[in-house]
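These are the residues of each chain, in order.
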Amino acid sequence: MPTPNPFLLMIGCFAIVGCSQSVKTQESSTEKSSYYTEKYRPQYHFTPEANWMNDPNGMVNYEGEYHLFYQYYPDSTVWGPMHWGHAVSTDLVSWEHLPIALYPDSLGLIFSGSAVIDWNNTSGFGTDEEPPMIAIFTHHLMEGEKAGRTDFQYQSIAYSLDKGRNWTKYEGNPVLPNQGIKDFRDPKVFWHEPTQKWIMTLAVFDHVEFYSSADFKSWDKLSDFGLNEGRREVLWECPDLFPMQFDGKTKWVLLVSVNPGGPNGGSSTQYFIGDFDGTDFKNDNSPETILWLDYGTDNYAGVTWSDIPEEDGRRLFIGWMSNWLYAQIVPTEKWRSAMTIPRELSLSNTADGYIIKSKPILELNQLRSKTMSLEQTAVERSLKIETDSLDINKAELAVTFSGINSDEFGIRLSNGSENVTIGFDAIRNKYFIDRTQAGNSGFHQEFAQRQWGNRLVDDTVELRIFVDASSIELFADDGATVLTVNIFPLEPYRLLEVLAKNGSVNLDEFILWELNSIWR
Ligand code: FRU
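In this text, all values refer to a predicted model and were calculated from it rather than measured experimentally.

## Brief notes about the sheet that holds strand β11 (residues 207-213)
What links the strands of a sheet is backbone hydrogen bonding, and the strands pair in either a parallel or an antiparallel sense. With respect to topology, four strands assemble into an open sheet ordered β9-β10-β11-β12, the strand pairing being antiparallel. At either margin of the open sheet sits one strand with a lone partner, and together these are β9 (184-192) and β12 (220-225). Strand-to-strand twist across the sheet, computed as the mean angle between neighbouring axes with direction ignored, equals 25 degrees.

Here it is as structure tokens:
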């Protein structure tokens, strides 16, 4: 067994007070000590109290609240007739569960979509003083699908005049009927100031289409994008189009989730960077270029918040932390699926063009409680780190390496018999998360795998890692390469090791924080 490095210095553990989070629940503040303690239950990620959840929907900020709606089936832990579940937060960290916002009706199930504040009351649903919150979603008519029709998905709207608590569906629904395309869904809408129109981005089978409207109630087609671009011959879902700034320049970013066809298998989210003139989107890159927002298998259908106040100005993202390959059979019992941690997206420049970086939002820092750090040290083969007083299953790590003289290095969490490794392969110049031995993987043959993420910037190797019971999120190089991965260890991890294969590396920085639970 390798001995600890003599230069290793423990700075010790200390608790920061005042970090506790409060969460109200549907059954009012439940005092049950077992609340959110089930096996694999994330402690600081959003999960529904019970049953099935997939895509985040209708994320909008209004009067100090961040709304998170989500694809929800309240009667089972597998996908079924979709509703919009609902939660709100004032800081994107703690969440308050609210009653279901949208129920299926005679036009169909409530599939994915978006929400905005209609500040100018263009829809007439509110007043100038009280602008309506409008949700636009896909109605999916099961009966139509079963009857073999092709026009069973269409776009409908609903509005709320009381901060998203009560919703009225528009009597003129659907607002965008279907001309006979089976996959015609997931509208994401924003107000386009130069043309004074609402712009909708819609996923249409293997590409996206843009539509515009002056009043939310009737929509005209503007253009198509993607018939020959990006990941081809797969289903495109959950698009999002928004402007971003870099060095005073505006570029438009188009997120598109694809299923299957992800870089490590199954569903994943690609993005395009280019220009949008109010009608057409033009890709900066060659049609063959594929940019991935997250290389891991477990970040899908993510989109960004609408109506973030100008003085904040961030582009805030959340994704569904699972994969259609196995989402319905993962070994959780009471609920299925979590959302990723909220992330701030930013535009960055590389030798090969613009990229999107994803970073954990700053608000998450308030969850930090006990901490420990190491002095700078060299690592050869293995450095075991004493973490007994911290729970590494709900933790954040900031680790920086330099002096790279090793083929492969990184961090390993283990419970003695199972382990997950998060690291960098210096020969392939790629980041990875290896979950081949991370825990239960028997539910799907492709689950036990090493997942790879391209390195896009050439710098010191800098890892920021979030561990939460059944997930690992790696933000490498300040969010240039991201890997989000589910894991299901049979026992919690308790051992932490820094590994360096065939040579040595310098561990420049190592800080570990235990994070507080937001649910207890
Ligand atoms: C993406 C998706 C969407 C659809 C929803 C149905 O995960 O397939 O395209 O609206 O899930 O739940």
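## A closer look at the site of the ligand
Contacts to the ligand come from Asn-54, Asp-55, Gln-71, Trp-79, Met-82, Phe-111, Ser-112, Arg-185, Asp-186, Glu-237, Tyr-300 and Trp-324. Take Asp-55: an N or O atom from its side chain is 2.7 Å from an oxygen atom of the ligand. In terms of residue class, the shell around the ligand is built from five nonpolar, three polar and four charged.

## With respect to the confidence of the model for the protein chain
For the protein chain, per-residue confidence averages 94 on the pLDDT scale, and 94% of positions sit at 70 or higher. Contacts of residues 1-28 to residues separated by more than four positions or lying in other chains number 64 contacts, the stretch itself having pLDDT below 50.

## Side note on the sheet that holds strand β5 (residues 109-117)
Pairing is antiparallel across the open sheet formed by four strands, whose spatial order is β5-β6-β7-β8. The sheet is open, and its two borders are formed by β5 and β8 (168-169), each paired with just one other strand. Across seven bridges, the pairing between β5 and strand β6 (residues 133-140) is antiparallel. By the bridge assignment, Ala-115 is partnered in β6 with Ala-135.

## Focus: the side chain of Asp-118
As for its placement among the helices and strands, Asp-118 is situated in the loop between β5 and β6. Of the side chains bearing the opposite charge, Lys-217 lies closest to the buried Asp-118, which forms no salt bridge; the N-O distance is 8.0 Å. A polar contact of 2.9 Å, which involves the side chain of Asp-118, links it to the backbone nitrogen of Thr-122. Of the polar contacts made by the side chain of Asp-118, one reaches the side chain of Ser-123; its length is 2.7 Å.

## Thoughts on unusual backbone geometry
In this structure, Pro-174 follows Asn-173 across a cis peptide bond, with omega equal to -5 degrees. In this structure, Pro-174 sits in the loop between β8 and β9. Each neighbour pair has its own omega, and for Asn-259 with Pro-260 the value is -10 degrees, a cis peptide bond. Mapped onto the elements, Pro-260 comes out in the loop between β14 (249-259) and β15 (268-276). Even without glycine at this site, Asp-247 takes up a positive phi of about 50 degrees. Residue position: Asp-247 is located in the loop between β13 (235-246) and β14.

## Regarding the environment of Trp-252
Tracing the sequence through the fold places Trp-252 in strand β14. For Trp-252, a relative accessible area of 11% puts it in the buried group. In sequence terms Trp-252 and Arg-41 are 211 residues apart; their C-alpha atoms lie 37 Å from each other. Apart from the residues lying within four places of it in its own chain, the contact partners of Trp-252 are Phe-190, His-192, Leu-241, Phe-242, Pro-243, Phe-272, Ile-273, Gly-274, Asp-275, Phe-276 and Phe-281.

## Quick word on the pairing of strand β21 (residues 343-350)
Within β21, six of the eight residues are buried, which leaves the element mostly enclosed by the surrounding structure. The pairing of β21 with strand β22 (residues 353-360) spans eight bridges and is antiparallel. The partner of Thr-350 across the bridge, within β22, is Gly-353. With antiparallel pairing between neighbouring strands as the criterion, β21 and β22 make up a hairpin whose turn holds two residues.

Conventions we followed
Residues numbered from 1 in each chain as written. Predicted model: local features only at pLDDT ≥ 70, side-chain atom pairs only at ≥ 80, totals over all residues. Heavy atoms only, no water. Pairing = 2+ DSSP bridges. Helix = DSSP H or I, 4+ residues; strand = E, 2+ residues; numbered from the N terminus. Axes fitted to C-alpha atoms, helices over the stretch in contact; angles between N-to-C directions. Near = heavy atom within 4 Å. Polar contact = N/O pair within 3.5 Å; in protein donor to acceptor, adjacent residues only side chain to side chain. Nonpolar A, V, L, I, M, F, W, Y, C, P; charged D, E, K, R; others polar. pLDDT = per-residue confidence, 0-100. Contact = heavy atoms within 4.5 Å. Buried < 20%, exposed > 50% of the residue type's maximum accessible area, 1.4 Å probe, protein only. Lys, Arg positive; Asp, Glu negative; His and termini not counted. Salt bridge = Lys/Arg side-chain N within 4 Å of Asp/Glu carboxyl O.

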